[in-house]
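Architecture and fold: a report
Given next are the chains, with one letter for each unit.
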Amino acid sequence: QVQLVESGGGLVQPGGSLRLSCAASGNIFRINAMGWYRQPPGKRRDLVASITSDGGTTYAPSMKGRFTISRDNGKNTTSLQMNNLKTEDTAVYYCNAFVVTSSLFEYDFWGQGTQVTVSS
């Protein structure tokens with residue numbers, strides 16, 4: 001089994017910054033893509049950003065230029081730097097990873113989520 005543990009959420013004022021981190025552990029042979037999703041209250045979960053094992057990134061249009069995703073392959077971690085936060089960024093943020101386990105099959109894993117609240 002693989003566990004993803006997020007950290008770094010909290011309350012921030014509009015225009016502020018937060019950095020989310022996610023650490024993967026467990027039965028990991030290799031991690032392919034990693035990403036961050038978010039789910040605002042009463043809405044669906046959508047992609048924020050993703051990053052491939054060789055560093056290729058994808059961003060949702062509304063986040064591009066404000067958010068930066070990164071990863072450390074040696075530590076099995078990914079981070080999301082969020083700048084110039086807006087009230088509409090308020091959501092539960094989830095870490096996601098496509099992990100190849102010792103079975104050599106790829107599985108999709110999720111973290112438990114971390115709350116980000118942007119409010120004055």
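In short, a report on the structure. (Residues numbered from 1 in each chain as written. Predicted model: local features only at pLDDT ≥ 70, side-chain atom pairs only at ≥ 80, totals over all residues. Heavy atoms only, no water.)

If you tally the helices and strands in the protein chain, you get zero helices and 11 strands. Scanning the protein chain from its N terminus toward the C terminus, one meets helices and strands in the order β-β-β-β-β-β-β-β-β-β-β. Against the globule reference of 14 Å for 120 residues, the protein chain gives a C-alpha radius of gyration of 14 Å, in line with a compact fold. Dimensions of the protein chain, computed from the C-alpha atoms along their principal axes, are close to 50 × 25 × 25 Å. Taken over 120 residues, the protein chain has a buried fraction of 39%. Taking all contacts inside the protein chain whose residues are at least 6 apart in sequence as the whole, residues at least 24 apart take part in 55%. (Helix = DSSP H or I, 4+ residues; strand = E, 2+ residues; numbered from the N terminus. Rg over C-alpha atoms; globule rule 2.2 N^0.38 Å. Buried < 20%, exposed > 50% of the residue type's maximum accessible area, 1.4 Å probe, protein only. Contact = heavy atoms within 4.5 Å.)

Before going further, it helps to examine the sheet that holds strand 7 (residues 67-72). The strand order across the open sheet built from four strands is 1-3-8-7, with neighbouring strands paired in antiparallel fashion. With partners counted over all chains shown, the strands left at the sheet margins are strand 1 (2-7) and strand 7, one partner each. Direction aside, the axes of adjacent strands within the sheet are offset by 15° on average. Of the pairings in the sheet, the one linking strand 7 to strand 8 (residues 77-82) comprises six bridges and is antiparallel in character. When the bridges of strand 8 are listed, Ser70 appears paired with Ser79. (Pairing = 2+ DSSP bridges. Axes fitted to C-alpha atoms, helices over the stretch in contact; angles between N-to-C directions.)

Quick look at the pairing of strand 8 now. Bridge count for strand 3 (residues 18-26) against strand 8 is six bridges, and the pairing is antiparallel. Bridging from a neighbouring strand, Ser21 pairs with Ser79 of strand 8. Joining the antiparallel neighbours strand 7 and strand 8 is a turn of four residues, in which Asn76 adopts a positive phi near 55°.

Attention shifts here to the state of the cysteines. Applying the stated criterion across every chain yields a total of one disulfide. Between the sulfur atoms of Cys22 and its disulfide mate Cys95 the distance is 2.1 Å. As the torsion about the S-S bond is roughly -80°, the Cys22-Cys95 disulfide counts as left-handed. Note that Cys22 is positioned in strand 3 and Cys95 in strand 9 (residues 91-100), a separation of 73 residues in sequence. Here Cys22 matches Cys95 in class, with each residue buried. (Disulfide = S-S within 2.5 Å.)

Our focus in this paragraph is the nonpolar core. Grouped together as the largest cluster of nonpolar side chains are 29 residues, with contacts concentrated most on Leu4, Trp36, Val48, Phe67, Leu80, Met82 and Tyr93. Those elements that provide at least two residues to this core are strand 1, strand 3, strand 4 (30-39), strand 5 (46-51), strand 7, strand 8, strand 9 and strand 11 (114-118). Residue contributions to this core peak at five residues, all from strand 9. (Core = buried A, V, L, I, M, F, W, Y, C linked by side-chain atoms within 4.5 Å.)

Now for the packing of aromatic side chains. Applying the stated criterion across every chain yields a total of two aromatic pairs. The interplanar angle of 65° and the centroid separation of 5.0 Å between the aromatic rings of Tyr37 and Trp110 together place this pair among those described as edge-to-face. With Tyr37 in strand 4 and Trp110 in strand 10 (residues 106-110), this residue pair connects regions lying 73 residues apart in the sequence. Ring geometry for Tyr107 against Phe109: centres 6.4 Å apart, planes inclined by 55°, an arrangement best described as tilted. Note on Tyr107: relative accessible area 40%, which makes it partly exposed. (Phe/Tyr/Trp six-rings, centres within 6.5 Å; stacked < 30°, edge-to-face > 60°.)

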